[in-house]
Amino acid sequence: MSAIPQPTSPHVMNTYGRLPIAMSHGQGCRVWDTNGKAYLDGLGGIAVNTLGHNHPELVPALQDQLTKLIHSSNYYHVPGQEALATKLTELSGLTNAFFCCTGLEANEAAIKLARKFGHEKGIEKPEIVVYEKAFHGRSIATLSATGNPKIQAGFGPMVEGFVRVPLNDIEALKKATQDNPNVVAVFFETIQGEGGINPMRWDYLKQVRALCDQRDWLMMIDEVQCGMGRTGKWFAHQWAGIKPDVMPLAKGLGSGVPIGAVVAGPKAANLFQPGNHGTTFGGNPLAMRAGIETIRIMEEQKLLENAATVGAHLKSALEREFSRMSGVKEVRGQGLMLGIELDRPCGDILNRACEAGLLLSVTADSVIRLVPPLILTIAEADEIVAILAPIVKAFLAE
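What you see is a predicted model; the values in this text were computed from it and never measured.

**Student:** An account of helix α4 (residues 103-120) is requested, with residue identities and associated values reported.
**Tutor:** The terminal C-alpha atoms of α4, which comprises 18 residues, lie 26 Å apart, in line with the 26 Å expected from a rise of 1.5 Å per residue. For α4, the full list of buried residues reads G103, A106, N107, A109, A110, I111, L113, A114, F117 and G118. Looking one or two places after α4, you find G122, whose phi comes out positive at around 85 degrees.

**Student:** How would you summarise the sheet that holds strand β1 (residues 23-27) if you had to cite specific residues and measurements?
**Tutor:** Whenever strands of a sheet pair, they do so through backbone hydrogen bonds, lying parallel or antiparallel. Strand order in this open sheet of four strands is β1-β2-β3-β15, and the pairing throughout is mixed. If you trace the sheet from one side to the other, it starts and ends with β1 and β15 (358-359), each paired once. Summarising the sheet, strand β2 (residues 30-33) and strand β3 (residues 38-41) pair through three bridges and their orientation is antiparallel. Counterpart to V31 in the pairing with β3 is Y39.

**Student:** Go over the pattern of salt bridges, please, and point to the residues and values.
**Tutor:** What the rule picks out here adds up to 25 salt bridges. Salt-bridge contacts for K116 lead to E120; the nearest nitrogen and oxygen are separated by 2.7 Å. One end of the pair is K116 and the other is E120, both in helix α4 and four residues apart, which spans about a single turn. K116 sits in the partly exposed class, given a relative accessible area of 23%. The closest approach of N and O atoms between E293 and R289, which form a salt bridge, is 3.0 Å. Of this pair, E293 and R289 are both found in helix α9 (residues 285-300), four residues apart, which corresponds to roughly one turn of the helix. Judged on exposure class, the residue E293 and its partner R289 are both buried. Each of E57, D64, K68, R289, E293, R296 and E300 takes part in one network of salt bridges that share partners.

**Student:** So what's going on with the nonpolar core? Which residues, and what values?
**Tutor:** Ranked by internal contacts, the top residues of the largest apolar core, which has 62 residues, are L318, L342, I349 and L388. Dropping the residues within four chain positions of it, L318 is found in contact with V331, L338, I340, L370, V385 and L388. Grouped together as the second largest cluster of nonpolar side chains are 26 residues, A109, A114, A141 and L218 included.

**Student:** Go over the sheet that holds strand β13 (residues 328-334), please, and point to the residues and values.
**Tutor:** Pairing is antiparallel in the open sheet, where four strands are placed in the order β13-β14-β17-β16. Of all the strands in the sheet, just β13 and β16 (361-363) have a single pairing partner and so form its edges. Adjacent strand axes in the sheet meet at a mean angle of 25 degrees when their direction is disregarded. Bridging between β16 and strand β17 (residues 367-370) involves three bridges; their strand directions are antiparallel. In the sheet register, S361 faces β17, and the bridge partner there is R369.

**Student:** Go over the packing of aromatic side chains with me, naming the residues and quoting the values.
**Tutor:** For the coordinates displayed, the defined rule picks out four aromatic pairs. Ring plane angle 70 degrees and centroid distance 6.3 Å describe the contact between Y75 and Y76, whose orientation is recorded as edge-to-face. Across the pair, Y76 and Y75 agree in class, each one exposed. Ring centres of Y131 and F188 lie 5.8 Å apart, and the angle between their planes is 75 degrees; this geometry places the pair in the edge-to-face category. Taken as a pair, Y131 in strand β5 (residues 127-131) and F188 in strand β7 (residues 183-189) lie far apart in primary sequence, 57 residues in all. Each of the two residues, Y131 as well as F188, counts as buried.

**Student:** Describe the UniProt feature "binding site: pyridoxal 5'-phosphate" (unreviewed entry) in the protein, naming the residues involved and giving the relevant values.
**Tutor:** Residues given the UniProt feature "binding site: pyridoxal 5'-phosphate" (unreviewed entry) here are F135, D222, E223, V224, Q225 and T280. Spanning 146 residues, the annotated positions stay apart in the fold, the maximum distance between their C-alpha atoms being 24.9 Å. Locating F135 in the fold gives a position in the loop between β5 and α5 (140-145). Not counting chain neighbours up to four residues away, the residues in contact with F135 comprise T146, I151, E189, E194 and D222. Counting through the fold element by element, E223 comes out in the loop between β10 (218-222) and β11 (246-249).

Rules of the game
Residues numbered from 1 in each chain as written. Predicted model: local features only at pLDDT ≥ 70, side-chain atom pairs only at ≥ 80, totals over all residues. Heavy atoms only, no water. Helix = DSSP H or I, 4+ residues; strand = E, 2+ residues; numbered from the N terminus. Expected span 1.5 Å × (residues − 1). Buried < 20%, exposed > 50% of the residue type's maximum accessible area, 1.4 Å probe, protein only. Pairing = 2+ DSSP bridges. Salt bridge = Lys/Arg side-chain N within 4 Å of Asp/Glu carboxyl O. Core = buried A, V, L, I, M, F, W, Y, C linked by side-chain atoms within 4.5 Å. Contact = heavy atoms within 4.5 Å. Axes fitted to C-alpha atoms, helices over the stretch in contact; angles between N-to-C directions. Phe/Tyr/Trp six-rings, centres within 6.5 Å; stacked < 30°, edge-to-face > 60°. UniProt positions renumbered as here; feature names shortened; annotations may be inferred.

Shown next as structure tokens:
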């Protein structure tokens, strides 16, 4: 009997530690590899496939758009941009949006907005407060804002102009910026994704908002991974009842079609003028249609409520399984953005789960991350627990 062939990519740069599978197709919260094996998708393309796979309303809408116009140019007005910007400003309470293709680009634009804000105040070398364990992207600027020395290694020198502080410590933020007239913005994820599913406390978010108002700083909230309904509200910071000045988005906004956005309020919305910033592919008609249809379907199918309800059920089930278990430090997160932190590196759980038919990720070396499609059902949440719990218990027993 011949062995099952394993996919390889010898001509693709070796930038990912890939598992030995390749996906063929999907339906709902399940995907199948090229050898016909099925998997329950607990990763959602890393918080991207909001509507799951082959959604019966999204796919026809994209097919319709493909027959009309995929790309034009930002030399011209793109009606879908105004439609999607209108919706995003309605949902966020902000005023204007810029469209790009990725979260990295959205975060780059936020950094540029902060610097422009500083220069217009007469600050020659603007500085931005960023956080330990943060992840904002892999370009040189966003890598510099990121708080992971491992992924920075080999790419120095980093870009200057960042002040780093710990999470959820307002006194540390005040101390780090004391007597520093160059600070122009505070930049953070409401729930750190790559950093290990680390939430900002709601009271802390309110304290930062007040400090930004007091000192005339921009509050820039990276909602690339935790936004777009993942926690049960459109944007995770809304649980604290605050509004940012700048909000980068991407991932789940297009349910799989590459899209990024920066949504801004009055303090930052008019900083960019023609020639200050731009993109070739950003805001193209196909991506805009994907964003518009994703939000429409989310509203009609009440997926924010589903994320909150199913996410709470999944978190409770995981806590029951792992409560008082030696080796499990914490189950944390909100909605359908959950992390299980172990007391040791657990990268091998990625492989074991895959073999058992469950897709997930391990981030920050010791945190199992679950960010499934927002269409996940209670039954599928229970299935995740039924597959994952024995794997974690066996791993910790070794």
